[in-house]
Amino acid sequence: VSSLTISAGNNKESKLTLGNTENTFSLAVLGDSGEFEIRHGNQRSFVVDKNGNVDVFGRLHSKGAVRTDGQISFQGVNQWQLAAVENFNNGASGWSNDSSTSVCGNE
(Lines give C-alpha, C1' and ligand atoms only; values in the text may rest on other atoms or scores of the structure.)
Protein backbone atom coordinates (compact mmCIF):
# COMPACT_ATOMS: atom_id res chain seq x y z
CA VAL A 1 0.00 0.00 0.00
CA SER A 2 1.51 3.33 -1.00
CA SER A 3 -1.34 5.50 0.30
CA LEU A 4 -4.27 5.20 2.68
CA THR A 5 -7.11 7.71 2.94
CA ILE A 6 -9.73 7.55 5.67
CA SER A 7 -12.61 9.99 5.42
CA ALA A 8 -15.72 9.53 7.54
CA GLY A 9 -17.35 12.55 5.91
CA ASN A 10 -17.98 16.14 6.94
CA ASN A 11 -18.07 16.84 10.69
CA LYS A 12 -17.34 13.19 11.55
CA GLU A 13 -14.23 11.75 13.18
CA SER A 14 -11.89 9.82 10.88
CA LYS A 15 -9.84 7.33 12.91
CA LEU A 16 -7.26 4.57 12.50
CA THR A 17 -6.84 2.27 15.52
CA LEU A 18 -3.80 0.06 16.08
CA GLY A 19 -3.48 -2.72 18.68
CA ASN A 20 -5.90 -4.73 20.77
CA THR A 21 -8.68 -3.36 22.97
CA GLU A 22 -6.51 -3.19 26.11
CA ASN A 23 -3.54 -1.37 24.59
CA THR A 24 -4.64 0.61 21.55
CA PHE A 25 -3.18 3.62 19.82
CA SER A 26 -5.40 5.73 17.60
CA LEU A 27 -4.75 8.39 14.98
CA ALA A 28 -7.78 10.60 14.52
CA VAL A 29 -8.90 13.76 12.76
CA LEU A 30 -11.86 15.39 14.50
CA GLY A 31 -14.49 16.45 12.03
CA ASP A 32 -15.85 19.43 13.93
CA SER A 33 -12.52 21.10 14.79
CA GLY A 34 -10.08 19.58 12.29
CA GLU A 35 -7.68 18.67 15.12
CA PHE A 36 -5.31 15.73 14.65
CA GLU A 37 -4.92 13.50 17.71
CA ILE A 38 -2.77 10.60 18.78
CA ARG A 39 -4.43 8.67 21.61
CA HIS A 40 -3.34 5.87 23.90
CA GLY A 41 -6.53 4.08 24.84
CA ASN A 42 -9.04 6.89 25.23
CA GLN A 43 -6.46 9.40 26.50
CA ARG A 44 -5.27 12.18 24.22
CA SER A 45 -1.46 12.16 24.04
CA PHE A 46 -0.62 14.54 21.19
CA VAL A 47 -2.88 17.09 19.48
CA VAL A 48 -2.27 19.43 16.54
CA ASP A 49 -4.97 22.07 16.02
CA LYS A 50 -5.97 23.66 12.72
CA ASN A 51 -3.48 26.51 13.32
CA GLY A 52 -0.54 24.12 13.78
CA ASN A 53 -0.35 24.50 17.57
CA VAL A 54 0.78 21.31 19.30
CA ASP A 55 -0.35 20.10 22.73
CA VAL A 56 1.40 17.19 24.43
CA PHE A 57 -0.49 15.43 27.21
CA GLY A 58 2.02 13.37 29.14
CA ARG A 59 5.79 13.16 29.42
CA LEU A 60 7.89 14.72 26.68
CA HIS A 61 11.49 13.52 26.40
CA SER A 62 14.05 15.00 24.03
CA LYS A 63 17.34 13.46 22.89
CA GLY A 64 18.84 16.78 21.85
CA ALA A 65 17.90 20.41 21.47
CA VAL A 66 14.31 21.63 21.52
CA ARG A 67 13.51 24.84 19.66
CA THR A 68 10.39 26.91 20.18
CA ASP A 69 9.36 30.01 18.29
CA GLY A 70 6.65 30.94 20.78
CA GLN A 71 5.31 30.23 24.22
CA ILE A 72 5.59 26.94 26.08
CA SER A 73 2.63 25.96 28.23
CA PHE A 74 2.63 23.19 30.85
CA GLN A 75 -0.77 22.05 32.15
CA GLY A 76 -2.29 25.29 30.91
CA VAL A 77 0.34 27.54 32.53
CA ASN A 78 2.71 29.52 30.30
CA GLN A 79 6.35 28.78 31.09
CA TRP A 80 9.46 30.95 30.90
CA GLN A 81 10.94 32.00 27.61
CA LEU A 82 14.45 33.34 27.01
CA ALA A 83 14.08 36.93 25.86
CA ALA A 84 17.71 38.03 25.58
CA VAL A 85 21.23 36.63 25.82
CA GLU A 86 24.17 38.54 27.26
CA ASN A 87 27.84 37.69 26.74
CA PHE A 88 30.10 39.09 29.45
CA ASN A 89 33.32 37.49 28.18
CA ASN A 90 34.51 40.93 27.11
CA GLY A 91 33.30 42.88 30.17
CA ALA A 92 30.00 44.43 31.17
CA SER A 93 30.00 47.56 29.03
CA GLY A 94 26.67 49.39 29.20
CA TRP A 95 25.67 48.07 32.63
CA SER A 96 25.66 50.18 35.84
CA ASN A 97 28.55 48.07 37.23
CA ASP A 98 30.72 47.68 34.17
CA SER A 99 34.03 47.35 36.04
CA SER A 100 33.73 43.72 37.16
CA THR A 101 32.22 40.41 36.24
CA SER A 102 32.33 37.08 38.07
CA VAL A 103 31.58 33.46 37.43
CA CYS A 104 28.13 32.54 38.76
CA GLY A 105 28.48 31.30 42.35
CA ASN A 106 31.90 32.92 42.87
CA GLU A 107 32.75 36.37 44.19
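Anything mentioned here points back to the structure above.
In what follows, the accompanying structure is described. (Residues numbered from 1 in each chain as written. Predicted model: local features only at pLDDT ≥ 70, side-chain atom pairs only at ≥ 80, totals over all residues. Heavy atoms only, no water.)

**Examining the pattern of salt bridges**
Considering all chains together, one arrives at three salt bridges under this definition. With its nearest N and O atoms 2.7 Å apart, the salt bridge here joins E13 to R39. Placement of E13 in the segment before β1 (14-18) and of R39 in strand β3 (residues 36-40) is noted, with a sequence separation of 26 residues between them. Its relative accessible area of 35% is what places E13 among the partly exposed residues. Among the residues examined, R39 registers a relative accessible area of 11% and is labelled buried. Residues E37 and R44 are paired through a salt bridge, measuring 3.3 Å at the closest nitrogen-oxygen approach. E37 sits in the buried class, given a relative accessible area of 2%. Here the salt bridges share partners, and the residues they tie into one network are E13, E37, R39 and R44. (Salt bridge = Lys/Arg side-chain N within 4 Å of Asp/Glu carboxyl O. Helix = DSSP H or I, 4+ residues; strand = E, 2+ residues; numbered from the N terminus. Buried < 20%, exposed > 50% of the residue type's maximum accessible area, 1.4 Å probe, protein only.)

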